[in-house]
Amino acid sequence: MADVSVNDSAAERVGYITRVQSFSACHRLHSIHLSDEENKRVYGKCNNPNGHGHNYKVEVTVRGKIDRLTGMVMNLTDLKKYIEDVIMTPLDHKNLDKDVPYFASVVSTTENVAVYIWDNMVKVLPTNLLYEIKIHETDKNIVVYRGE
Ligand SMILES: Nc1nc2c(c(=O)[nH]1)N=C([C@H](O)[C@H](O)COP(=O)(O)OP(=O)(O)OP(=O)(O)O)CN2
Ligand SMILES: [Zn+2]
């Protein structure tokens, strides 16, 4: 009798799975490549030396074959652990510009936060699995990075 517990379709199925994680951090938009005047003009209120905070919401999406035996693209419990190591430990309740060495020379826009998370997530995930980092900086400001 056929084993009905596995997906025995001949076609290979590809799935996208996402885990959402929130973290809180403060920052100031300030580029070391611009003068003080240019920084004020480009970043406006976000260049205020006192900085400001966000409750960031990050969506980490992986894309891959749905394993016929396990029924998973990858185990979400493993993804949760990677997110803890790559996002929560270095970024949560931190001053991005002062506490995260990467942002000493890279301006902490949400685009660059997404690149930072991407670059560190690809180091720990199985090859070619990471598909997208989406960050909700505020309810209205959303950034997507796909490694391009
Ligand atoms: N391309 C980018 N532009 C801006 C970024 C960024 O990361 N990438 N960041 C900021 C500021 O840091 C700040 O987050 C924006 O704050 P604000 O405009 O106040 O946010 P809202 O749009 O949600 O505020 P509302 O006043 O409710 O519209 C600026 N630009
Ligand atoms: Zn900001």
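Along each chain, residue indices are assigned from 1 in the same order as the chain's sequence is written. Think of it this way: whatever chain is written first is A, whatever ligand is written first is 1, and the rest follow in order. Where totals are concerned, whole chains, interfaces and linings use all residues; where local detail is concerned, this predicted model gives features only for residues with pLDDT of at least 70, and gives and counts side-chain atom pairs only at 80 or more.

Per an unreviewed UniProt entry, the protein is named 6-pyruvoyl tetrahydrobiopterin synthase, and its organism is Sparus aurata. Here is the UniProt Sequence similarities (unreviewed entry) comment for the protein, exactly as written: "Belongs to the PTPS family." UniProt positions are given in the numbering used here, feature names are shortened, and annotations may be inferred rather than shown by experiment. Recorded under Function (unreviewed entry), the UniProt text for the protein is reproduced unchanged: "Involved in the biosynthesis of tetrahydrobiopterin, an essential cofactor of aromatic amino acid hydroxylases. Catalyzes the transformation of 7,8-dihydroneopterin triphosphate into 6-pyruvoyl tetrahydropterin."

Chemist: Looking at this structure, how should I read the pairing of strand β5 (residues 142–145)?
Modeler: Consecutive side chains of a regular strand alternate in pointing toward one face of the sheet and then the other. In terms of strand pairing, strand β4 (residues 130–136) meets β5 through four bridges, oriented antiparallel. When the bridges of β5 are listed, lysine 134 appears paired with valine 144. Pairing between strands is defined by DSSP: at least two bridges between the two strands are required. Helix and strand definitions here come from DSSP, where helices need a minimum of 4 consecutive H or I residues and strands a minimum of 2 consecutive E residues; each element is numbered from the N-terminal end. Taken together, β4 and the strand that follows it, β5, pair antiparallel across an intervening segment of five residues.

Chemist: Just checking my understanding: could you explain the sheet that holds β5 for this structure?
Modeler: Neighbouring strands of a sheet are bound in pairs by backbone hydrogen bonds; such pairs are parallel or else antiparallel. Spatial strand order, β3-β1-β2-β4-β5: five strands in an open sheet with mixed pairing. The two strands at the open ends of the sheet, each matched to only one other strand, are β3 (94–95) and β5. With C-beta atoms placed from the backbone, a contact is any residue pair whose C-beta atoms sit within 7 Å. Here the axes come from fitting lines to C-alpha atoms, over the contacting stretch only for helices, and the angles between their N-to-C directions go from 0 to 180 degrees. The sheet contacts of helix α2 (residues 76–91) involve β1 (14–27), β2 (52–65) and β3, and relative to β1 the element is tilted by about 20°. In this fold helix α4 (residues 110–124) packs onto β2, β4 and β5, with an angle of close to 145° to the strand it touches most, β4.

Chemist: Looking at this model, I keep getting lost on the UniProt feature "active site" (unreviewed entry) in the protein. Mind explaining?
Modeler: UniProt annotation of "active site" (unreviewed entry) refers to Cys46, His93 and Glu137 when read in the numbering used here. With respect to the element layout, cysteine 46 can be found in the loop between α1 (36–43) and β2. Contacts of cysteine 46, omitting those with residues within four sequence positions, involve Leu29 and His52. As for its position among the elements, glutamate 137 is in the loop between β4 and β5. Setting aside residues no more than four positions away along its own chain, glutamate 137 makes contact with His54, Tyr56, Thr110 and Val143.

Chemist: Before we go on, may I ask you to explain the nonpolar core in this structure?
Modeler: Note on soluble globular proteins: their nonpolar side chains tend to be buried together. Counting residues in hydrophobic clusters, the biggest one holds 22 residues, and the most contacted among them are Val58, Val60, Ile87, Ile117, Ile133 and Ile135. Residue assignment for this core shows that the elements contributing at least two residues are β1, β2, α2, α4 and β4. The residues contacting isoleucine 117, other than those within four sequence positions of it, are Val58, Val86, Ile87 and Ile133. Think of a nonpolar core as buried Ala, Val, Leu, Ile, Met, Phe, Trp, Tyr and Cys residues chained together by C-beta atoms that fall within 7 Å. Here exposure depends only on C-beta density: within 10 Å of a residue's C-beta, 20 or more other C-beta atoms make it buried, 12 or fewer make it exposed, and intermediate numbers make it partly exposed, the C-beta atoms being placed from the backbone.

Chemist: When you look at the UniProt feature "binding site: Zn(2+)" (unreviewed entry) in the protein in this model, what are you seeing that I'm missing?
Modeler: Per the UniProt record, "binding site: Zn(2+)" (unreviewed entry) is annotated on His27, His52 and His54. In three dimensions, the annotated residues from a span of 28 residues occupy one location, with a maximal C-alpha spread of 8.4 Å. Locating histidine 27 in the fold gives a position in strand β1. Classification of histidine 27 by C-beta neighbours within 10 Å gives buried; the count is 23. The contact partners of histidine 27, leaving out residues within four places of it in the chain, are Gly51, Asn95, Leu96, Asp97 and Ser108. The exposure class assigned to histidine 52 is exposed, which follows from the 11 C-beta atoms found within 10 Å. Ignoring any residue separated from it by four or fewer positions in sequence, one finds histidine 52 in contact with Cys26 and Cys46.

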